[in-house]
Amino acid sequence: MRKLSYGFGICVFVIFSAAAYASTGFHRLAMYFPFAVALGGAVLSAIYLITLALEERQSRLPENKEGLAEMRRALVYLGWFLGYILLIAIAGLVVASVVFLAAFLYREARMRWWGVLISVAGTLLVLFTISGVMRLYWPRNLLGL
Amino acid sequence: MLTIIWTLALANVVGATLCLSLSGLVSRISLIPGKVLVPFLFVVMIVASYQSTRHWGDIITFVAIGLLGWIMKQVDWPRAPLIIGFVLSTPAERYLHLSMSRYGFEWLTSPIVIGIAVAIVAILFYGTLRGDKQPDIPDSVRGPAADASSGRPAGDDQPTADRDRGKQEEENRDA
């Protein structure tokens, strides 16, 4: 987790520094706000990184195994979500939602097949009803479904 | 015109009645395990995020912001200020632009601006001082998760004096 803290802190510092540099090229009146915010952000993220380094030097805490397990779980979930989004892009929202909900509820939530069936049917019903009433737009897909 | 006002008033009354009567039932949603709730929420959020500009970029941004929020949670950065900044940045930039074009740096000398600045600094200092003086929370209240996330064994940060006092009280009770 410490590596993630360092990585995130460095990313934030680089983004704020780049934004501060970029804002100096703006028109004078348009420059003040982004420059002030980016400069403040860069200074604070630098303080964060220094504090992190000092804390690590003072007390060498063991790497948190619980955190690593949580990260693995989160990556699995991220895989599910990215797969769902990819399926929406290929086959459309309805097909993707049916496949994603059924697979996720059956495999991850360990739901029984009839529970999965009712849940998917209920979700589709709600999705179609709300889309009809509120005139929602569904993401475009490659197959045009 | 009168119809609109009556409709609004009636809608508020009906809405408040429904909220009050269904609050118990709605609050039970929080008892549903995350694994069951998440896929439904994700479907709804995907559809909702797409309505912003109806481009695939909306969905990609939604996932990216979700990922950013998760990373912030892991590295113990608060997420609420980011959301507040997201909402307030546009009006703040607009009004700063207006103030600068109208008054230059002179607006900084306005008594109201100075008063607000002093209040902000005072709140920041007070918050920092209060943060340093946070009371020790017993392990029974914090739970094992807090110890696991901090990477320290349970009860490691409990002051020795408190532990000794607890032991003494137990001995007194037994006696």
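Observations regarding the overall build of chain A
Per the secondary structure count, chain A includes five helices and zero strands. In sequence order, chain A lays out its α and β elements as α-α-α-α-α. For chain A, the residues scored as buried account for 11% of the 145 residues in total. Of the contacts formed within chain A by residues at least 6 apart in sequence, a portion of 55% connects residues at least 24 apart.

Comments concerning the overall build of chain B
Along its length, chain B carries eight helices and zero strands. Starting at the N terminus and walking to the C terminus, you meet the elements of chain B as α-α-α-α-α-α-α-α. Scored against the burial criterion, the 175 residues of chain B give a buried share of 3%.

Overview of the interface of chain B and chain A
Think of interface size as the accessible area that goes away when the parts come together; that is how it is often given. Of the residues lining the interface, 26 residues belong to chain B; the matching set on chain A comes to 27 residues. Looking at the side of chain B that touches chain A, the elements with two or more residues in it are α2 (34-50), α3 (56-74), α4 (80-103) and α7 (144-150) of chain B. If one sorts the elements of the side of chain B that touches chain A by residue count, α2 of chain B sits on top with eight residues. Among the residues forming the side of chain B that touches chain A, the class breakdown is 17 nonpolar, six polar and three charged.

Thoughts on the packing of helix α2 (residues 28-58) of chain A against α4 of chain B
Viewed as axis vectors pointing N to C, α2 of chain A and α4 of chain B meet at an angle of 135°, and their least axial separation amounts to 9 Å. Classified by the angle their axes make, α2 of chain A and α4 of chain B are oblique. Crossing hand, α2 of chain A versus α4 of chain B: right-handed. Mapping the contact onto sequence places L29, A30, Y32 and F33 of chain A in α2 of chain A and A92, E93, L96, H97, M100 and S101 of chain B in α4 of chain B. Across the contact of α2 of chain A with α4 of chain B, the residue classes tally to seven nonpolar, two polar and one charged.

What about α3 of chain B?
Its 19 residues place the ends of α3 of chain B 27 Å apart at the C-alpha level, agreeing with the 27 Å of an ideal helix rising 1.5 Å per residue. Backbone geometry just after α3 of chain B places D76 of chain B at a positive phi near 65°.

A look at the confidence of the model for chain A
Looking at chain A as a whole, the pLDDT averages 88, with 94% of positions reaching at least 70. Mean pLDDT across the elements of chain A ranges from a minimum in helix α3 (residues 65-91) of chain A, with 86, to a maximum in helix α1 (residues 2-23) of chain A, with 92.

Examining the nonpolar core
Among the nonpolar cores identified, the biggest contains 14 residues, and Y84, I88, A96, F100 and L101 of chain A together with V43 and I46 of chain B are the most heavily contacted of them. Looking at this core, the elements that each hand over two or more residues are α3 and α4 (93-107) of chain A together with α2 of chain B. For this core, the leading source of residues is α4 of chain A, giving six residues. With near-sequence residues (within four places) excluded, I88 of chain A lies in contact with L93, A96, P139 and N141 of chain A.

A short note on α4 of chain A
The α-helix winds at 3.6 residues per turn, so residues separated by three or four positions along the chain end up facing the same way. All names here are of chain A. An ideal rise of 1.5 Å per residue puts 21 Å on 15 residues; α4 measures up with 20 Å between its terminal C-alpha atoms. Taken as a whole, α4 has its buried residues at L93, A96, S97, F100, L101, F104 and L105. What you see down the axis of α4 is that its buried residues fit within an arc of 130°, all on one side.

Rules and cut-offs
- Residues numbered from 1 in each chain as written.
- Chains lettered and ligands numbered in written order.
- Predicted model: local features only at pLDDT ≥ 70, side-chain atom pairs only at ≥ 80, totals over all residues.
- Helix = DSSP H or I, 4+ residues; strand = E, 2+ residues; numbered from the N terminus.
- Buried ≥ 20, exposed ≤ 12 C-beta atoms within 10 Å, placed from the backbone.
- Contact = placed C-beta atoms within 7 Å.
- Nonpolar A, V, L, I, M, F, W, Y, C, P; charged D, E, K, R; others polar.
- Axes fitted to C-alpha atoms, helices over the stretch in contact; angles between N-to-C directions.
- Parallel < 35°, antiparallel > 145°, perpendicular 65-115°, else oblique.
- Left-handed = near helix turned anticlockwise from the far one by under 90°.
- Expected span 1.5 Å × (residues − 1).
- pLDDT = per-residue confidence, 0-100.
- Core = buried A, V, L, I, M, F, W, Y, C linked by C-beta atoms within 7 Å.
- Arc of directions from axis to C-beta.

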